[in-house]
Amino acid sequence: MTVTRGLEGVVATTSSISSIIDDTLTYVGYDIDDLAENASFEEVIYLLWHRKLPTQSQLEELKNQLAENAELPKGVLEHFKMYPIDKVHPMAALRTAVSLIGLYDEEADLMEKESNYQKAIRLQAKMPAIVTAFARIRKGLEPISPRKDLGFAANFLYMLSGKEPEPIAIEAFDKALVLHADHELNASTFTARVCVATLSDVYSGITAAIGALKGPLHGGANEAVMKMLSEIGTLENVEPYVRGKLENKEKIMGFGHRVYRKGDPRAKHLRDMSKKLTELTGEPQWFEMSTKIESIVTGEKNLPPNVDFYSASVYHSLGIDHDLFTPIFAVSRVSGWLAHILEQYENNRLIRPRADYTGPGMQKYVPIQQRG
Ligand SMILES: CC(=O)SCCNC(=O)CCNC(=O)[C@H](O)C(C)(C)COP(=O)(O)OP(=O)(O)OC[C@H]1O[C@@H](n2cnc3c(N)ncnc32)[C@H](O)[C@@H]1OP(=O)(O)O
Ligand SMILES: O=C([O-])CC(=O)C(=O)O
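It should be emphasised that the depicted structure is a prediction, and the values quoted were computed from it without experimental measurement.

Our next topic: the UniProt feature "active site" (unreviewed entry) in the protein. Per the UniProt annotation, the sites labelled "active site" (unreviewed entry) are His257 and Asp308. These residues run over 52 residues, yet every pair of their C-alpha atoms falls within 10.6 Å of each other. Tracing the sequence through the fold places His257 in the loop between helix 12 (235–247) and helix 13 (267–280). A relative accessible area of 26% means that His257 is categorised as partly exposed. If near-sequence neighbours (up to four positions away) are discounted, His257 is found in contact with His183, Asp264, Arg266 and Asn306. Polar contacts involving the side chain of His257 include one to the main-chain amide nitrogen of Tyr260, which spans 3.3 Å. By the secondary structure assignment, Asp308 is in helix 15 (residues 307–317).

Now for the site of ligand 1. Ligand 1 sits among 19 residues. The nearest are His218, Lys251, Ile252, Gly254 and Arg258. Within the backbone of Leu217, an N or O atom sits 2.9 Å from a nitrogen atom of ligand 1. Between ligand 1 and Asn306 there is a distance of 3.0 Å, counted from an oxygen atom to a side-chain nitrogen or oxygen. Contact with the protein chains hides 67% of the accessible area of ligand 1, taken as 910 Å² for the molecule alone. Split into classes, the residues belonging to the shell around ligand 1 amount to nine nonpolar, five polar and five charged.

Of the two faces of strand 1 (residues 18–21), the one holding Ser18 and Ile20 is buried and the one holding Ser19 and Ile21 is not buried anywhere. As defined by bridge partners, strand 1 adjoins strand 2 (residues 24–27) across four bridges and the pair is classed as antiparallel. Pairing of Ile21 across the sheet is with Thr24, part of strand 2. The loop that links strand 1 with its antiparallel partner strand 2 comprises two residues; one of these, Asp22, has a positive phi angle of about 50°.

Rules and cut-offs
- Residues numbered from 1 in each chain as written.
- Chains lettered and ligands numbered in written order.
- Predicted model: local features only at pLDDT ≥ 70, side-chain atom pairs only at ≥ 80, totals over all residues.
- Heavy atoms only, no water.
- UniProt positions renumbered as here; feature names shortened; annotations may be inferred.
- Helix = DSSP H or I, 4+ residues; strand = E, 2+ residues; numbered from the N terminus.
- Buried < 20%, exposed > 50% of the residue type's maximum accessible area, 1.4 Å probe, protein only.
- Contact = heavy atoms within 4.5 Å.
- Polar contact = N/O pair within 3.5 Å; in protein donor to acceptor, adjacent residues only side chain to side chain.
- Near = heavy atom within 4 Å.
- Areas by Shrake-Rupley, 256 points an atom, 1.4 Å probe, with all protein chains shown as cover.
- Nonpolar A, V, L, I, M, F, W, Y, C, P; charged D, E, K, R; others polar.
- Pairing = 2+ DSSP bridges.

Structure, rendered in structure tokens:
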């Protein structure tokens, strides 16, 4: 057996959702640069789920459906109050809440195409309410209901802070959602597909995917980047900190990628946003430290920043708690996970690879009394 560690380079499925070819990322053939500049997150959701951009009326319909389904079942809010919420990581709470929402969905186990599409809408719609309600309840604040007159990005920021967000914040947040929506067969998307390929339900697939995104080698890296920036603290400290880590063979969070070699095309958009927002908030040091880290890591290791690197200072500048960065990634990526789950159901085959066994050869069972 030939083992490909980490399945590097292994092509495990066909997909018509997104592609990474020669370091260019497309959603359904649209370059991510084009979408980042021009598309709203709701348009991207439609694109990923239908493989075409929506007309105005199709977009309005989707926006209405998302707005209609954005409220959480009361039981989910009550549930947040049942555990030591101040000690729980919001990604763990999100993972549990998605699973819990499945219990309230009478159609959870229905496998018809239309039923699964409706579940996708219901789940996508509720993700902002889960993350923002958790964030408020743990601070002793009441959760805020979504507003039907606000778009997806604006609603998230409104439900988080209780204040109507500034247009620049909405624009930045919407763009971040567009940039994070899908990414071919990344670890969490693969997890979702493996899960539902057993013909398990949509909620199980998304719960599994959230678990995979949580790790610091994947989505959890954005929170880890902010932790690093906070630890570094000053521009002068960047050089000794980063060089010290590299000498100790430690990884610098937010750098490197399994697929991109020349660089992650999403990073430049987040870099631009980081520059703009950190200047606006009067905290340019976060951007300055970030660019200095970038020049050292690319110079020393030839590793460019990935999507998680500059998103950290972007979200920080929007006043978002650092441990909500990865849940926000999930709020966006659930659109891609759902597209992949629906695609998997369309042409399903159980995903079951092999392992090259490296344990002992045949052994005879020894009764417990005779074991040394
Ligand atoms: C949304 C996303 O998921 S984007 C990725 C987010 N994750 C991170 O930012 C965490 C930091 N980065 C990493 O850990 C890796 O680059 C990954 C996980 C993204 C990709 O991993 P892989 O393709 O498995 O590469 P792997 O970890 O084997 O690294 C290859 C070499 O580059 C080095 N390397 C890779 N990333 C980094 C890094 N961020 N800092 C320092 N060195 C690194 C490794 O130490 C290794 O060196 P070696 O060959 O001398 O042992
Ligand atoms: O594709 C990957 O391996 C990780 C990544 O960048 C993403 O999921 O956005």
